[in-house]
Amino acid sequence: MLEKQTGVLVIAGMCLIVLFLVTVKRKTEFFLNFCLRAAMGGIAIYGINLLLESQGLPWLVGINLFSLLTSGTLGLSGVSLLYAISAFRFL
């Protein structure tokens, strides 16, 4: 009887360890994906600002916490959204 209980506890413990590792992997993957999108969004904003400034257009977007959070969360569509808001402001 004691061996059955020990076996069940070992199996339950292994299941908990596997669930913990899967959760940590997903959170790490999400965090790295967010950081990569935010960094690429910042680079895209910088490049688009250079292009718009050379053309004399006033639709510049600042690189700040809000713009990096937007591009990190939404990706390229977030960068597009920031420029759409900036362009709409000048209409």
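Check the entry above for the structure.
Quick summary incoming for the structure in this document. What you see is a predicted model; the values in this text were computed from it and never measured. (Residues numbered from 1 in each chain as written. Predicted model: local features only at pLDDT ≥ 70, side-chain atom pairs only at ≥ 80, totals over all residues. Heavy atoms only, no water.)

## Comments concerning the overall build of the chain
Which entries qualify depends on this criterion: A run of H or I in DSSP becomes a helix once it reaches four residues, and a run of E becomes a strand once it reaches two; helices and strands are each numbered from the N terminus. Per-residue accessibility, obtained with a 1.4 Å probe over protein chains only, is compared with the maximum for each type, and a residue is labelled buried under 20%, exposed over 50%, and partly exposed between these values. Contact definition: two residues touch when any of their heavy atoms are within 4.5 Å. Accessible surface is estimated by sampling points in the Shrake-Rupley manner with a 1.4 Å probe; for residues, cover comes only from the protein chains shown.
Helix and strand counts for the chain come out as 3 helices and 0 strands. Counting from the amino terminus, the chain carries its helices and strands in the arrangement α-α-α. Oriented by its inertia axes, the alpha-carbon framework of the chain measures out at about 80 × 20 × 15 Å. When each of the 91 residues of the chain is scored for burial, the buried share is 20%. When contacts within the chain are restricted to residue pairs at least 6 apart in sequence, those whose partners lie at least 24 apart make up 60%. About 7200 Å² of surface is accessible on the chain, with carbon and sulfur atoms providing 77% of the total.

## Digging into the packing of helix H2 (residues 65-74) against helix H3 (residues 76-89)
As a reminder, the rule being used: Angles here are taken between N-to-C directions and fall from 0 to 180 degrees, while the axes themselves are lines fitted to C-alpha atoms, restricted in helices to the stretch in contact. For classification purposes, angles smaller than 35 degrees are called roughly parallel, those larger than 145 roughly antiparallel, those between 65 and 115 roughly perpendicular, and all remaining angles oblique. Three residue categories are used. Nonpolar comprises Ala, Val, Leu, Ile, Met, Phe, Trp, Tyr, Cys and Pro, charged comprises Asp, Glu, Lys and Arg, and polar comprises the others, including Gly.
With their axes 6 Å apart at the nearest point, H2 and H3 run at an angle of 140° to one another. Relative to H3, the element H2 lies oblique. On H3, the residues that touch Phe-66, Ser-67, Thr-70, Ser-71 and Leu-74 of H2 are Leu-76, Ser-77, Gly-78, Val-79, Leu-81 and Leu-82. Residue composition of the contact of H2 with H3, grouped by class: 6 nonpolar, 5 polar and no charged.

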